[in-house]
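Close look at the chain arrangement
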Amino acid sequence: MGADARQYDLVVWGATGFAGRLTAAYLTEQYRPETLSLALGGRDPNRLASVAADLTDESEAWEAIPTVVGDATEPESLQEIARSTRVVCTTVGPYTRYGTPLVAACVEAGTDYCDLTGEVNWIREMIDRYHEAAVDAGTRIVHSCGFDSVPADIGTLLAQSYALEAFDAPCETVRISVDDASGGVSGGTLASMAAVFEAASNDPLARETLRNPYSLAPAGERDGVDTGGDRLPRHDSTRSVWTAPSPMAQVNERVVRRSNALLGYPWGREFRCTEVVATGSGLRGAAGATLLAGGLGLFTAAMSVGPARRAVRRFLFPAPGEGPSTEQIENGHFTVSVHGRGTARDGSFSVVAEFGTDLDPGYGAAARMLGESAVCLVRGHVDSPLDGGVLTPASGIGAPLVDRLRDAGFTATARTVEAPSTAAGADAK
Ligand SMILES: NC(=O)c1ccc[n+]([C@@H]2O[C@H](COP(=O)([O-])OP(=O)(O)OC[C@H]3O[C@@H](n4cnc5c(N)ncnc54)[C@H](OP(=O)(O)O)[C@@H]3O)[C@@H](O)[C@H]2O)c1
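Residues numbered from 1 in each chain as written. Predicted model: local features only at pLDDT ≥ 70, side-chain atom pairs only at ≥ 80, totals over all residues. Heavy atoms only, no water.

The protein goes by Saccharopine dehydrogenase in an unreviewed UniProt entry, where it is assigned to Halolamina pelagica.

Printed below as a string of structure tokens:
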């Protein structure tokens, strides 16, 4: 069937869950049925009908929203969904547990796909199993279109594109810094985090994926000079701030390295990236970095041991389906800055890209990042040399996602911090 003959432009699979409902609500607020043929997907027809009814009640434009039923345990139901639409975006997680049959169905049906996964072990599995088939089918499977890893990956693309344009040279290093973030966390996200730890304790490939900084690079290219993230608190003297290791570094850094590799190494084979959390200056910054690094170490240690992991999940994690309040989402915000350094003909330079918005990162902002990634795929608004494969936001969609997110209220800027003596870098939007 030709893509144009399909019944829907986009199915949001997982619309009854916390992140899926927010994504569906964003899309019905932002788009009209005449311009986006949308359907909601899930496993329970009654709950789906109730979400569709709530969204139509909240909307003036949408009088009805179609629903499609598909269960991860019934692959044929997902094949049917994949054949009915041009694009699927999915929030059904943990992806390690539920995600594979939909990727398989999309590759088979030639249906573009995007998700919110931060489960690095599962991304590696999808690369190994489906990248070649997705290349052959010309199908874009774009993982990590939420807070993991759009700010890091698209922020790096922004900094690198700016450096290449202003100085005719890429940044050899980028330091991705979560400068400011306020929001909440859902039961589904914590269950997905637990799924990564569980995979690491049972599956040697998952352990290798977490150990090797290049584990998401294409086969045959899984080594290089970059040793990966900071493990300890550190004083960043160029910015006069303290930094701690970032809990998202294990996925975001690997996604950024995969982008560089898939794009054909425009940032060089010796490109290095690190992601950290900035905790401020002076004694408070130092204390914050020490506390954050210690807390992350303790959490990792507890989650790595089966009985402790089960106890943490049982007593500390909210149930799947639960998440931050509307107030927390609307009062949240985040800024991620990407600090790049490179060498041009006339000397060294540094640039910074900033990416953020006034919504909580994991839900209000993630719903927009995923929704706009999906709309880029529906409209063919992509700037990428690749027609298909298991891709990243920067390599699979690229600059058009920045433009759409700016229109959706995000800040996305890049500028020169230090220019070589004869180069003139101007501020860029
Ligand atoms: N990267 C980011 O920025 C970001 C942000 C938010 C979330 N996430 C990720 O997104 C995922 C969802 O998070 P969430 O908080 O929305 O979780 P959630 O509320 O638990 O939602 C999970 C969804 O999966 C559905 N589901 C479960 N088992 C299924 C099956 N067998 N077949 C079909 N559907 C099934 C659930 O359906 P029912 O409603 O019928 O139970 C629900 O719709 C997680 O992996 C999380 O880590 C990532």
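1. What about the overall build of the protein?
A count of helices and strands for the protein gives 16 helices and 14 strands. Taken over C-alpha atoms, the radius of gyration comes to 21 Å for the protein, in line with the 22 Å a tight globule of 429 residues would show. For the protein, the C-alpha atoms occupy an extent of roughly 60 × 50 × 45 Å along the three principal directions. Within the protein, the fraction of its 429 residues that count as buried is 54%. At a minimum sequence separation of 6, the contacts of the protein that also span at least 24 residues come to 78%. Of the roughly 18000 Å² of accessible surface on the protein, 49% is carried by carbon and sulfur atoms. Distance from the positive charge centre (36 side chains) to the negative charge centre (54 side chains) of the protein: 6 Å. (Helix = DSSP H or I, 4+ residues; strand = E, 2+ residues; numbered from the N terminus. Rg over C-alpha atoms; globule rule 2.2 N^0.38 Å. Buried < 20%, exposed > 50% of the residue type's maximum accessible area, 1.4 Å probe, protein only. Contact = heavy atoms within 4.5 Å. Areas by Shrake-Rupley, 256 points an atom, 1.4 Å probe, with all protein chains shown as cover. Lys, Arg positive; Asp, Glu negative; His and termini not counted. Charge placed at Lys NZ, Arg CZ, Asp CG, Glu CD.)

2. Description of the sheet that holds strand S9 (residues 241-245)
Strands pair in a sheet through their backbones, by hydrogen bonds, and they do so in one of two ways: parallel or antiparallel. Within the open sheet, the 7 strands sit side by side as S8-S9-S10-S7-S11-S12-S14. Their pairing is mixed. For this open sheet the edge positions go to strand S8 (234-236) and strand S14 (411-418), each flanked by a neighbour on one side alone. Strand after strand, the sheet turns through a mean of 30° between neighbouring axes, direction not considered. The sheet contacts of helix H7 (residues 150-167) involve strand S7 (171-182), strand S10 (272-280), strand S11 (333-344), strand S12 (347-357) and S14, and relative to S12 the element is tilted by about 140°. (Pairing = 2+ DSSP bridges. Axes fitted to C-alpha atoms, helices over the stretch in contact; angles between N-to-C directions.)

3. Points about helix H11 (residues 282-303)
For H11, built from 22 residues, the straight-helix expectation of 32 Å at 1.5 Å per residue is met to within 8% by its first-to-last C-alpha distance of 32 Å. Within H11, burial applies to Gly 285, Ala 286, Ala 289, Ala 293 and Met 303. Considered in projection along H11, the buried side chains sweep an arc of 145° and stay on one side of the axis. For H11, exposure combined with an orientation more than 90 degrees from the buried face picks out Leu 283, Arg 284, Leu 291 and Leu 298. Those residues of H11 that are buried lie in contact with helix H8 (187-202), S9, S10 and helix H12 (306-316). (Expected span 1.5 Å × (residues − 1). Arc of directions from axis to C-beta.)

4. Observations concerning the nonpolar core
Leu 10, Leu 27, Leu 40, Phe 355 and Met 369 are the most contacted members of the largest nonpolar core, which has 106 residues in total. For this core, the two domains that each supply at least three residues are domain 1 (3-147 + 364-407) and domain 2 (150-359 + 410-418). In this structure, Phe 355 is in contact with Val 150, Pro 151, Ile 154, Phe 334, Thr 335, Val 336, Met 369, Leu 405, Phe 410, Thr 411 and Ala 412, ignoring residues within four places of it in sequence. If you look at the next biggest cluster of nonpolar residues, it comprises 6 residues, including Leu 190, Ala 194, Phe 197 and Val 312. (Core = buried A, V, L, I, M, F, W, Y, C linked by side-chain atoms within 4.5 Å. Domains from an automatic or database assignment.)

5. Regarding the site of the ligand
Near the ligand there are 30 residues, and of these Thr 16, Arg 47, Phe 147, Ser 186 and Ser 192 occur at the shortest range. At 3.0 Å, a backbone N or O of Gly 17 approaches an oxygen atom of the ligand. At 2.7 Å from an oxygen atom of the ligand is found a main-chain nitrogen or oxygen belonging to Ala 19. Contact with the protein chains removes 93% of the 930 Å² of surface that the ligand exposes when unbound. Considering only residue class, the shell around the ligand consists of 12 nonpolar, 13 polar and 5 charged. Each of domain 1 (3-147 + 364-407) and domain 2 (150-359 + 410-418) gives at least three residues to the shell around the ligand. (Near = heavy atom within 4 Å. Polar contact = N/O pair within 3.5 Å; in protein donor to acceptor, adjacent residues only side chain to side chain. Nonpolar A, V, L, I, M, F, W, Y, C, P; charged D, E, K, R; others polar.)

6. A look at the packing of H7 against helix H10 (residues 249-262)
Direction vectors running N to C along H7 and H10 enclose 40°, while the axes themselves pass 9 Å from each other. By the angle between their axes, H7 is oblique relative to H10. Note on packing geometry: the crossing formed by H7 with H10 is right-handed. Where H7 approaches H10, its residues Ala 152, Asp 153 and Thr 156 are matched on the opposing element by Asn 252, Val 255, Val 256 and Ser 259. Looking at the contact of H7 with H10, its residues break down into 3 nonpolar, 3 polar and 1 charged. (Parallel < 35°, antiparallel > 145°, perpendicular 65-115°, else oblique. Left-handed = near helix turned anticlockwise from the far one by under 90°.)

7. Points about the confidence of the model for the protein
Predicted coordinates in areas of low pLDDT are best not read in detail. Put simply, the protein has an average pLDDT of 93, and 97% of its residues get 70 or more. Low pLDDT, under 50, characterises residues 423-429; the stretch is placed with 17 contacts to residues that sit more than four places away or in other chains. (pLDDT = per-residue confidence, 0-100.)

8. Examining the domain arrangement of the protein
According to the domain assignment, the protein consists of domain 1 (3-147 + 364-407) and domain 2 (150-359 + 410-418). Just the C-alpha atoms count here: the centres of domain 1 and domain 2 sit 24 Å apart. Taken together, the contacts link 37 residues of domain 1 with 43 residues of domain 2. Of the roughly 3500 Å² buried at the junction of domain 1 and domain 2 (both faces included), carbon and sulfur atoms supply 73%. For the domain 1 face of the interface with domain 2, the top three residues by lost area are Phe 18, Arg 124 and Phe 147, together amounting to 23%. The closest approach of N and O atoms between Asp 128 and Arg 222, which form a salt bridge, is 3.2 Å. Inspection of the domain 1/domain 2 interface yields 11 residue pairs in polar contact (both at pLDDT 80 or more). Counting residues per element, the ones that place at least two in the side of domain 1 that touches domain 2 are helix H1 (18-30), helix H4 (95-98), helix H6 (120-137), helix H14 (361-379), strand S13 (389-391), helix H15 (393-396) and helix H16 (399-407). Taken together, the residues that form the side of domain 1 that touches domain 2 break down as 20 nonpolar, 11 polar and 6 charged. (Buried area = accessible area lost by both parts, 1.4 Å probe. Salt bridge = Lys/Arg side-chain N within 4 Å of Asp/Glu carboxyl O.)

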